[in-house]
Amino acid sequence: MRELAPWLALIFQRPWRLVLGGVLILATLASGIGLLALSGWFITDTAIVGILLAAGTQVAVNLYVPGGGIRFFAVSRTVARYLERVYNHDTVLRLLTDIRVALFHRLAGASRTGQSRLSGAQWLSRLTSDVDALDTIYLRVIAPAALAGVITLLVALLAWVLFSGAVALGLLAITTLAFVLATVAVYVRTREPSYRQADRQEELRTAVVEHIEGFAELRAAGRTGRHGAWLLRQAHQMNSEQVEVDSKVGWHQAISHLLINLCAVFALWAGYGLYETGAISGPVLVLLPIAILGLAEVYSMLPDAFGKLGSTVSSAARLNRDATPAGEQGKAEIPAPADDHLALVAQDIAVRYDGFAPILTHFDLTLSRGERIGILGRSGSGKSSLADTLAGLLPASRGELARQPCAYLTQQTALFDDTLRANLILGNPAATDAELWQVLELVELGDRFAREPEQLDTWLGNTGSRLSGGEARRVALARVLLNPAPLVVLDEPFTGLDGDTRSRISKRLERWLEGKSVISLAHGSEALPATDRVIHLE
Amino acid sequence: MTAPEQRNVRRWLTELAAGNRRWVQGAVLTGTLAGIATIVQMVLLARIVHLGVIEGIAVSELMDLFIVLVITLVIRALFQGLQTRLAAQCSKRVRRTARRQIHRHWQAAGPVAMGQESAGALAREWIDHVEALHGYYARFLPQMQLSVIVPLLILALVFWLDWLAAVFLLLSAPLIPLFMALVGMGAEKLNQQHFETISRLSGQFLDKVRGLTTLQLFGQTESAADLLARRSDRYRVVTMKTLKIAFLSSAVLEFFASVAIAVIAIYIGFGLLGYITFGPADELTLFTGLLILLLAPEFFQPLRTLSQYYHDRAAALGAGTEILARLQDYPASTLQVKSEQSAPATAGSPSLITLDSVSFTHPGEAKPWFRDLNLQIEKGHAVALTGPSGGGKSTLLYLLAGFLAPDSGEIRVFGQVPGKAAFGWLGQKGFLVHGTWADNLRLTSPDASDVAIDAALRRVGLGDLVDSREDGIYSPVSDQGRGLSGGQARRLSLARIFLADYDLILLDEPTAGLDSASEIYILESLRKLSQAGKTLVFSTHHHALLTLADRVLTVDDGEVYHA
């Protein structure tokens, strides 16, 4: 449950909104209970008076107060319900924004190792369902549980005033048991499978994504049927466990409802004792059991919410794990070189990931301003990790690094599900359309997008999937080229391009990068743009 | 994908339930029995009050009734619990059926169509969208029937007690579905919109997070967060407009339920006082009056519960629409039909791959890729396909693999329809699953021995890597939190091909973007495979690979000719 703390803190940033929402729910519930209880009182009263009147006794009867009360509750229940739903859903949507933005900020500040642990499949799973789970925790769990408590206390107070302290205590004892069975007990009994549920789903998702990614290979081998059957079995098992959870929730719901009903029976029975001694009147005797029956409405919301709490906690735990803020080292700014003629100075750099052997040690590099160097190394030689370090994504575990501000083309092509323009201006938010077209011409995509009806506003689709690999790479390259930074680091800039295209772009690149310092990294010299010198990584 | 009609989505949802009718019926039956127990409970409560307050019977003489009341309550709880269990079972079965359907569709659509979709989106449909059907079958569907049965039972009883009170209930009851339908029609459409917006929004969020490194590199995380907040807030404003209308339906229900209870209470009260001189009011007693009052909320409860489950229906319809759109996208039969059509023609030679006047147009494109293409590849040959990107090399490989079917003409692989016999496929991305090296290789060759697996891994130069792991081939592939490099992953795929010993091996740019070590291993492996008499067809720009080929074909703009 501790896992929920940071998210609860976020939710409780709007205390008055939550309280007002709660008060509206309370008004709804109280109106419903009031309507029935007052009606029961009224009917019993009129029944008794009716008999007296029929017997010819003169009795004064006030019809206006109960009649007015009944009408008031009928209207207030409707109005409160409507306002409550509108207001609280607005709250939920505000929380949804709060949570997503806060999570995004936290992820942006998270350590690199935290980020790199995540694969695409896990992203999809976690960030959608986990964040969704947290969105509704206020409306599903917090508000109903709190209000069940409040309304129970109000009914107990009523019992104390109208009946006796003993009846109020008895009522509290039974409703407390019902409350525990509908909340904590459900949570405890379903915690484990419910907690595991999300992990199972995540495992299944990984397997499904693998199945789809390997679909061609599996199909060629004639194995899609078998592998698919295996996936189906996994999904079915997951659902079976869920059925168990649902059943437990159902039983708890039934039993807590039973206890509420028994509580009403208890109140009626205990009330008779008081009635026979003349301590209470017949109408009052009827009022309390009916009010207690009304508690079932709020209690019935609880078991389901608490049955899902286990998975909500696991969602929060996963989000916390991956959004752990980075230490100071991760945030350190890289200083500019002391010497004005230099673009980058690396002295005795070591590159390693936390908990692993160093990938690269004793790396030295001095780059003059305007100089272009190439770094060659086979894959696995630590080339990309070195690029990450030089660009400042991966802090050097040892050594000194000083450099000018830099624009970095990562080995992975990362485009956004957004327009071409939005993708490009990330590199330079101030870039004009003319500049965008110019850089598109450079990477030979000018014609390609000039033909599109939406031109610069062409939607690049799912992670740029409407583009071929080579096209996507060139968009990413164009984005880096737009960036005004004086130092440019390019890791495998030409992946997916054929030789001719590569050499044409390479030539234009030389002119475009005139005056900038460039570090290019590649697996072979043919994949490098023009350089002044080349370093080999071993 | 075009959105299917709502009518079709609803029919699809009904068809899914067809095989599990027993479970739905069981849930409805237990729900009905719980409803009857509720009625009995109210009868007993009213009876006890009447006897005590009006007849003045001592509580000690009412013990029997109290005991029966408690037993009734227990029975009611039992049926309530059973109802949940049966409904959950039903939903489980339905979800299995739905998943099976989607998977069958994937198989029909084939790897090329699948490759154009994001794996995440497809997985989401298979997992999350199917899960979204749960509430519909576990809650909405049984409740829909219960919301007719239970109110009718109560109505019948109230009618017998006091027909005028029953008329009040009856008057409000048909108005409720009417109003709900009116409001619901608008709300349903808006609800779907809501479903779409939320998935688009979470897509936006995911996308930003996925590209977080890029945003950080360009110093744009703040502006991305702002954009996220702005889009999210705009979405809130739009959605609230929708919800304000959608919630009217529950308000209407609430209003009628409240007013009906108020009217009945006042009617009974005045009747008991003897103020109402017409109708059955003069026969009212505290028993009948109180019973009618206690039953009135139970009359509305099933409908209120149903309206709470309405979002389950909306979720199922939203998810169902997307699933059905996918299922309709590539009708399950197209590929089979295409290959069956060409099946009765000549069988072709068992030692040749033949393309006989093959024409092919990519779905949705006007210009055909290949027109009347004729080609023969001899068994045991290594054939390289070159040509500019986008010239059709991959398409030709897909046709040979049977991943795409020609519009006309005939393709035979060693006398068989393409894809009929298992073959080796190596795409531009290697493919590995979470698990051990052995798991990964047994994926396509489940009966392979440890020795054979070890040998296959060594042939592609992964032997050292496996040796360095504690449990050899039984160690996880992506140990130590870091996966394989692109080259290593592709070599792993190649090891599968070695292990399985296929006659035909198709490779799409097997060395593109690889480091020299991986390149050498792949070249060597292909040479060995070719020497072993395997038929290799591969697309490449790579010089060393071209030298390996017995024949080099240029594929350009739908033309195939000898280089």
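Residues numbered from 1 in each chain as written. Chains lettered and ligands numbered in written order. Predicted model: local features only at pLDDT ≥ 70, side-chain atom pairs only at ≥ 80, totals over all residues. Heavy atoms only, no water.

### As for the overall build of chain B
Link 1 in the chain: Scanning chain B for helices and strands turns up 18 helices and nine strands.
Link 2 in the chain: With 563 residues in all, chain B has 55% of them scored as buried.
Link 3 in the chain: Looking at chain B alone, contacts between residues at least 24 apart form 77% of all its contacts between residues at least 6 apart.
Link 4 in the chain: For chain B, the accessible surface area stands at approximately 23400 Å², while carbon and sulfur atoms represent 56% of it. (Helix = DSSP H or I, 4+ residues; strand = E, 2+ residues; numbered from the N terminus. Buried < 20%, exposed > 50% of the residue type's maximum accessible area, 1.4 Å probe, protein only. Contact = heavy atoms within 4.5 Å. Areas by Shrake-Rupley, 256 points an atom, 1.4 Å probe, with all protein chains shown as cover.)

### Thoughts on the UniProt feature "transmembrane region" (unreviewed entry) in chain A
Residues and elements named next belong to chain A.
Link 1 in the chain: Within the UniProt annotation, "transmembrane region" (unreviewed entry) is assigned to residues 18-41, 47-65, 137-161, 167-188 and 258-275.
Link 2 in the chain: When the span residues 47-65 is considered, its composition is 53% helix and 0% strand, and the gap between its end C-alpha atoms is 17 Å.
Link 3 in the chain: The span residues 258-275 is 100% helical and 0% strand by assignment, and the distance between its end C-alpha atoms comes to 25 Å. (UniProt positions renumbered as here; feature names shortened; annotations may be inferred.)

### Observations concerning the interface of chain A and chain B
Link 1 in the chain: In this assembly, 125 residues from chain A lie in contact with 136 residues from chain B.
Link 2 in the chain: In total, about 11800 Å² of surface goes out of reach between chain A and chain B, with carbon and sulfur atoms giving 70% of it.
Link 3 in the chain: On the chain A side of the interface with chain B, the three residues burying the most area are A:Ile43, A:Phe104 and A:Glu217, jointly 6% of the side's total.
Link 4 in the chain: The partner of A:Arg81 in a salt bridge is B:Glu254, with the nearest N and O atoms 3.3 Å apart.
Link 5 in the chain: At the boundary of chain A with chain B, the tally comes to 30 residue pairs in polar contact (both at pLDDT 80 or more).
Link 6 in the chain: The element best represented in the side of chain A that touches chain B is helix H10 (residues 224-276) of chain A, accounting for 29 residues.
Link 7 in the chain: Its residues placed into classes, the side of chain A that touches chain B shows 65 nonpolar, 38 polar and 22 charged. (Buried area = accessible area lost by both parts, 1.4 Å probe. Salt bridge = Lys/Arg side-chain N within 4 Å of Asp/Glu carboxyl O. Polar contact = N/O pair within 3.5 Å; in protein donor to acceptor, adjacent residues only side chain to side chain. Nonpolar A, V, L, I, M, F, W, Y, C, P; charged D, E, K, R; others polar.)

### Things to note about the confidence of the model for chain B
Residues and elements named next belong to chain B.
Link 1 in the chain: When the pLDDT values of chain B are averaged, the result is 83; 90% of them are 70 or greater.
Link 2 in the chain: Mean pLDDT per element in chain B: helix H11 (residues 334-342) is the minimum at 46, and helix H2 (residues 21-54) is the maximum at 94.
Link 3 in the chain: Low pLDDT, under 50, characterises residues 332-344; the stretch is placed with 14 contacts to residues that sit more than four places away or in other chains. (pLDDT = per-residue confidence, 0-100.)

### Some points on the environment of B:Lys429
Link 1 in the chain: As for its placement among the helices and strands, B:Lys429 is situated in the loop between strand S5 (424-426) and helix H13 (437-442).
Link 2 in the chain: B:Lys429 sits 360 residues away from B:Leu69 along the chain, and the two C-alpha atoms are 69 Å apart.

### Quick notes on the confidence of the model for chain A
Link 1 in the chain: For chain A, mean pLDDT is 84; residues scoring 70 or higher make up 92% of the total.
Link 2 in the chain: The element-level mean pLDDT for chain A is lowest in helix H15 (residues 328-331) of chain A, coming to 48, with helix H7 (residues 165-182) of chain A highest at 95.

### So, helix H11 (residues 282-293) of chain A
Residue and element names in this part refer to chain A.
Link 1 in the chain: If you check H11, its first and last C-alpha atoms are 18 Å apart, about what 12 residues at 1.5 Å a residue would give, namely 16 Å.
Link 2 in the chain: The buried fraction of H11 is high, at 12 of 12 residues.
Link 3 in the chain: Listing the buried residues of H11 in full gives Gly 282, Pro 283, Val 284, Leu 285, Val 286, Leu 287, Leu 288, Pro 289, Ile 290, Ala 291, Ile 292 and Leu 293. (Expected span 1.5 Å × (residues − 1).)

### Quick look at the domain arrangement of chain A
Link 1 in the chain: Structurally, chain A comprises domain 1 (2-322) and domain 2 (334-536).
Link 2 in the chain: Relative placement of domain 1 of chain A and domain 2 of chain A: their C-alpha centres are 53 Å apart. (Domains from an automatic or database assignment.)

### A short note on the domain arrangement of chain B
Link 1 in the chain: When its domains are assigned, chain B resolves into domain 1 (6-329) and domain 2 (352-562).
Link 2 in the chain: Computed over C-alpha atoms only, the centres of domain 1 of chain B and domain 2 of chain B are separated by 53 Å.

### Re the sheet that holds strand S6 (residues 487-491) of chain A
Residues and elements named next belong to chain A.
Link 1 in the chain: Reading across the sheet, the five strands line up as S5-S6-S7-S3-S8 and stay open at both edges, with parallel pairing between neighbours. The sheet is open, and its two edges are formed by strand S5 (406-409) and strand S8 (533-536), each paired on a single side. Direction aside, the axes of adjacent strands within the sheet are offset by 15 degrees on average.
Link 2 in the chain: In this sheet, strand S7 (residues 517-522) lies alongside strand S3 (residues 372-376) in parallel orientation, the contact comprising five bridges. Residue pairing across strands places Gly 374 opposite Ser 520, the latter belonging to S7. (Pairing = 2+ DSSP bridges. Axes fitted to C-alpha atoms, helices over the stretch in contact; angles between N-to-C directions.)

### Some remarks on the nonpolar core
Soluble, globular proteins show a tendency: their nonpolar side chains are buried together.
Link 1 in the chain: Counting residues in hydrophobic clusters, the biggest one holds 223 residues, and the most contacted among them are A:Ile292, B:Trp126 and B:Tyr137.
Link 2 in the chain: Counting residues per element, this core draws most heavily on H10(A), at 18 residues.
Link 3 in the chain: In this structure, B:Tyr137 is in contact with B:Leu13, B:Thr14, B:Leu16, B:Ala17, B:Ala87, B:Cys90, B:Ser91, B:Val94 and B:Pro142, ignoring residues within four places of it in sequence.
Link 4 in the chain: Counting residues in each nonpolar core, the second largest holds 37 residues, with B:Val466, B:Ala489, B:Leu492 and B:Leu536 among its members. (Core = buried A, V, L, I, M, F, W, Y, C linked by side-chain atoms within 4.5 Å.)

### Remarks on the packing of aromatic side chains
All names here are of chain B.
Link 1 in the chain: Applying the stated criterion across every chain, the model contains 14 aromatic pairs over all chains.
Link 2 in the chain: Ring geometry for Tyr 136 versus Phe 140: centroids 5.6 Å apart, planes at 15 degrees, classification stacked. Within this pair, Tyr 136 and its partner Phe 140 are both found in helix H5 (residues 134-161), separated by four residues, close to a single helical turn.
Link 3 in the chain: A residue is classified by how much of its surface remains accessible, and Tyr 136, at 9% relative accessible area, is buried.
Link 4 in the chain: With a centroid separation of 5.9 Å and an interplanar angle of 85 degrees, the aromatic rings of Phe 255 and Phe 256 are classed as edge-to-face.
Link 5 in the chain: Residue classification places Phe 256 among the buried residues on the basis of a relative accessible area of 17%.
Link 6 in the chain: Put simply, the rings of Tyr 398, Phe 403, Phe 423 and Trp 425 pair up and form one aromatic cluster.
Link 7 in the chain: Stacked on the ring of Phe 287, the Lys or Arg Arg 47 has its end atom at 5.1 Å from the ring centre. (Phe/Tyr/Trp six-rings, centres within 6.5 Å; stacked < 30°, edge-to-face > 60°. Lys NZ or Arg CZ within 6 Å of the ring centre and 35° of its normal.)

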